[in-house]
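One-letter residues, chain by chain:
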Amino acid sequence: MAEDTKGITVKKADDMPEWYAQVCLKSEVADYAPVKGCMVIRPRGYALWQAIVDRFNEMLAEDGVQNAYFPMFIPESFFKREAEHAEGFAPEVAWIANKDGARERLAIRPTSETIMYDSYRRWIRSWRDLPLKINQWCNIVRWEVQDVKLFLRSREFLWQEGHCVYETAEERDKETLHYLERYRQIAEDLLAVPVLLGRKTESEKFAGADRTYTIESLMPDGKALQMGTSHDLSQGFAKAFGIEFQGRDEQPSLPFQNSWGISTRLLGALILTHGDDKGLVIPPRMAPNKVVVVPIIFEKHKAAVIAAAEKVGAELKAFNPIIDTRDEYTSGWKFNEYELKGVPLRIEVGPKDLEQERVVIVRRDTGEKEFVPRKELVKRVAALLEDMQEGLLAAARKRIADATVTVNDFAAFEKAIKEKKMVFTSHCGDADCEAKIKERTAATSRCIPLDEKRATPAKGATCVLCGEPATYALYFARSY
Ligand SMILES: [Zn+2]
């Protein structure tokens, strides 16, 4: 039977990398590419990305950020202007020789600070030109990636990058955190993936930033995933690119900048977090089709159930239903197919249901099945979708809480990391000490909580590794 070869053949708990690859491929969200380190996003996967793009564009409009587009080729000299930035990105950049016979090579953008700020220099003259708030949706190339992990790690991926310029540091600081909060809303309210909000340590921050803020989640395999970052950029970029404005006091001033981004990696988080042994589970707010209607076809009642299914579909138009009236596939085959593809609700309409003026609704997340009177259909579908959205977030939150442990000594730290947990602990703040932890456990610091109370170590607390006085409390985990 088709079911046997098409379904997921390993359990999520047994072999998560293999399970993950099968879910991506068999639910038709992504495919491998003929080019090393690259991936193909199929229509079903792109529809998920589109849901993020659409929601985030609404937020950008509310926040007064405008979309624009800059070239993907960046002159080498631009890169070299901000030293830390150039050094940080050096291993990741793909270069092409300039075919026009010019002197310098061109980088394929690994991020667009430098090419954008060259334009900003010409566009910004006075404090009246500020704030300047621009976003671009584009592709990005990070050449060092060898082996593709669909959505999670690839040489080329899609993202948005916001780049804003402000008159004052206060305004900049406030907005950098505002965009981080926007990312939290995307992750939790749309994707139903719970995140920690925090600040990166000095060793983990963005090359060229004063501070990097992050949203981090913990995947079911015990690996943390960085899902979005927002950076307070140093004034180094403004200096390097000659961005200067005439202040209200008519004196030349250096502006304050931030940049922030989320990428197609979020889809990896969604799949890992919610998927199960049957395949993809799409949170209702993300699902392009929130409902599938399947008529249970017997020859005798065929016309009647198909007509009823179409009528149900028409009533549920707001949920963009799939109405699968094909009779070359069995109902069982269809059930498996839509479970694999993660459609949130399945509605069955059979001869008996017709007789009793009801439908059967089955939830993708819990598998719960209920009979719903025909006249309560629309209301019940809306309620179930909302319940499923909240249920997925709550379940993931619980899993992450259960997999996070607070430790005070290094033996407990090592044990917890081996057991695929996320660790909350105290640290001295020294970069070498942090590097030693990574060397010994393969765990990296994820973030210092944004919540100041949580980030402050207990009185007298010491570093989990070196025993020096603790500077802050933070999370460690292995990561993608
Ligand atoms: Zn230490």
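Residues numbered from 1 in each chain as written. Predicted model: local features only at pLDDT ≥ 70, side-chain atom pairs only at ≥ 80, totals over all residues.

**Concerning the overall build of the protein chain**
For step 1, the next point in the chain: Each helix and strand in the protein chain was counted, giving 16 helices and 23 strands.
For step 2, the next point in the chain: Radius of gyration (C-alpha) of the protein chain: 25 Å, near the 23 Å computed for a compact globule of 480 residues.
For step 3, the next point in the chain: Over its C-alpha atoms, taken along the principal directions, the protein chain stretches across nearly 85 × 55 × 45 Å.
For step 4, the next point in the chain: Within the protein chain, buried positions represent 43% of all 480 residues.
For step 5, the next point in the chain: When contacts within the protein chain are restricted to residue pairs at least 6 apart in sequence, long-range pairs at least 24 apart make up 69% of them. (Helix = DSSP H or I, 4+ residues; strand = E, 2+ residues; numbered from the N terminus. Rg over C-alpha atoms; globule rule 2.2 N^0.38 Å. Buried ≥ 20, exposed ≤ 12 C-beta atoms within 10 Å, placed from the backbone. Contact = placed C-beta atoms within 7 Å.)

**Describing helix α13 (residues 377-402)**
For step 1, the next point in the chain: Compared with the 38 Å implied by 1.5 Å per residue over 26 residues, the 37 Å span of α13 between its first and last C-alpha is a close match.
For step 2, the next point in the chain: Every buried residue belonging to α13 is among Val381, Leu384, Leu385, Met388, Gln389, Leu392, Leu393, Ala396 and Ile400, and all of these are buried. (Expected span 1.5 Å × (residues − 1).)

**Let's talk about the domain arrangement of the protein chain**
For step 1, the next point in the chain: Along its sequence, the protein chain is organised into domain 1 (2-274), domain 2 (289-390) and domain 3 (404-479).
For step 2, the next point in the chain: Centre-to-centre separation of domain 1 and domain 2, based on C-alpha positions: 39 Å.
For step 3, the next point in the chain: Ranked by the residues each element gives to the side of domain 1 that touches domain 2, the list is headed by helix α1 (residues 2-6), at 3 residues.
For step 4, the next point in the chain: A class-by-class count of the residues in the side of domain 1 that touches domain 2 yields 2 nonpolar, 2 polar and 4 charged. (Domains from an automatic or database assignment. Nonpolar A, V, L, I, M, F, W, Y, C, P; charged D, E, K, R; others polar.)

**Observations concerning the sheet that holds strand β17 (residues 345-349)**
For step 1, the next point in the chain: Pairing in this open sheet of 5 strands is mixed, and the strands run β16-β15-β17-β18-β19 from one edge to the other. Every interior strand has two partners, whereas the edge strands, β16 (322-323) and β19 (369-373), have only one.
For step 2, the next point in the chain: Where strand β18 (residues 358-363) lies against β19, 5 bridges are found, and the strand directions are antiparallel. When the sheet's bridge partners are listed, Val362 is paired in β19 with Lys369.
For step 3, the next point in the chain: Its contacts with the sheet place α13 against β15 (291-295), β17, β18 and β19, and it is angled at close to 10° to β18. (Pairing = 2+ DSSP bridges. Axes fitted to C-alpha atoms, helices over the stretch in contact; angles between N-to-C directions.)

**So, the environment of Gln235**
For step 1, the next point in the chain: By secondary structure assignment, the location of Gln235 is in the loop between β11 (223-233) and α8 (236-241).
For step 2, the next point in the chain: Of the residues examined, Gln235 has 14 C-beta atoms within 10 Å and is grouped as partly exposed.
For step 3, the next point in the chain: Every residue in contact with Gln235, bar those within four places of it in the chain, is listed here: Leu254 and Phe256.

**Let's talk about helix α2 (residues 16-26)**
Each turn of an α-helix holds 3.6 residues, which means side chains three or four residues apart point in the same direction.
For step 1, the next point in the chain: Trp19, Tyr20, Val23 and Cys24 are the residues of α2 that are buried. The buried side chains of α2 occupy one side of the element, clustering within an arc of 130° when seen end-on.
For step 2, the next point in the chain: On the buried face of α2, the contacting elements are β1 (30-32) and α9 (265-274).
For step 3, the next point in the chain: One or two steps after α2, the chain reaches Glu28, where phi turns positive at roughly 65°. (Arc of directions from axis to C-beta.)

**Points about the sheet that holds strand β5 (residues 94-96)**
For step 1, the next point in the chain: The strand order β4-β6-β5 describes an open sheet built from 3 strands, whose pairing is antiparallel. With one partner strand each, in any of the chains shown, β4 (73-75) and β5 form the two edges of the open sheet. Strand-to-strand twist of the sheet, defined as the mean angle between neighbouring strand axes without regard to direction, takes the value 40°.
For step 2, the next point in the chain: The pairing of β5 with strand β6 (residues 106-108) spans 3 bridges and is antiparallel. Looking at β6, one finds that Ile96 is bridged to Leu106.

**Quick look at the nonpolar core**
For step 1, the next point in the chain: Counting 95 residues, the largest nonpolar core has Leu191, Val291, Val293 and Val423 as the members making the most contacts within it.
For step 2, the next point in the chain: Excluding its chain neighbours within four sequence positions, the residues that come into contact with Val291 are Leu316, Phe319, Pro321, Val343, Leu345, Ile347 and Val381.
For step 3, the next point in the chain: Among the nonpolar cores identified, the runner-up in size contains 18 residues, and Tyr166, Ala209, Phe241 and Phe256 belong to it. (Core = buried A, V, L, I, M, F, W, Y, C linked by C-beta atoms within 7 Å.)

**Here we look at unusual backbone geometry**
For step 1, the next point in the chain: Here the residue pair Leu130 and Pro131 is connected by a cis peptide bond, since its omega of -5° sits within 30 degrees of zero.
For step 2, the next point in the chain: Phi is positive for Glu250, which is not a glycine, with a value near 70°.
For step 3, the next point in the chain: Here Glu250 lies in the loop between β12 (245-246) and β13 (252-253).
For step 4, the next point in the chain: According to the C-beta neighbour criterion, Glu250 is exposed, with 9 such atoms within 10 Å.
For step 5, the next point in the chain: The phi torsion at Glu357 lies on the positive side, around 50°, for a residue other than glycine.
For step 6, the next point in the chain: Looking at the element boundaries, Glu357 is found in the loop between α12 (351-355) and β18.
For step 7, the next point in the chain: Residue class for Glu357 comes out exposed when judged on the 10 C-beta atoms lying within 10 Å of it.

**Concerning the pairing of β18**
For step 1, the next point in the chain: Judged from the 4 bridges that link them, β17 and β18 form a sheet pairing that is antiparallel. Note that in β18 the partner of Arg346 across the bridge is Val362.
For step 2, the next point in the chain: Linking β18 back to β19 in an antiparallel pair, the connection comprises 5 residues, with Gly367 at a positive phi of about 75°.

**What about the environment of Arg182?**
For step 1, the next point in the chain: Inspection of the secondary structure assignment puts Arg182 in helix α7 (residues 169-190).
For step 2, the next point in the chain: For the pair Arg182 and Pro43, spaced 139 residues apart in sequence, the C-alpha to C-alpha distance is 26 Å.

**Here's the deal with the packing of helix α3 (residues 43-62) against α7**
For step 1, the next point in the chain: Between α3 and α7, whose axes approach to 11 Å, the crossing angle comes to 140°. Classified by the interaxial angle, the pair formed by α3 and α7 is oblique. You can see that α3 and α7 cross each other, and the crossing is right-handed. On α7, the residues touching Ile52, Arg55, Phe56 and Met59 of α3 are Arg182, Ile186 and Leu190. (Parallel < 35°, antiparallel > 145°, perpendicular 65-115°, else oblique. Left-handed = near helix turned anticlockwise from the far one by under 90°.)

**Re the environment of Met227**
For step 1, the next point in the chain: Within the secondary structure, Met227 sits in strand β11.
For step 2, the next point in the chain: Taking the C-alpha atoms as reference, Met227 lies 15 Å from Ser259; in sequence the two are 32 residues apart.
For step 3, the next point in the chain: Those residues in contact with Met227, other than ones at most four positions away along the chain, are Ala187, Val195, Ile215, Glu216, Ser217, Ile262, Arg265, Leu266 and Ala269.

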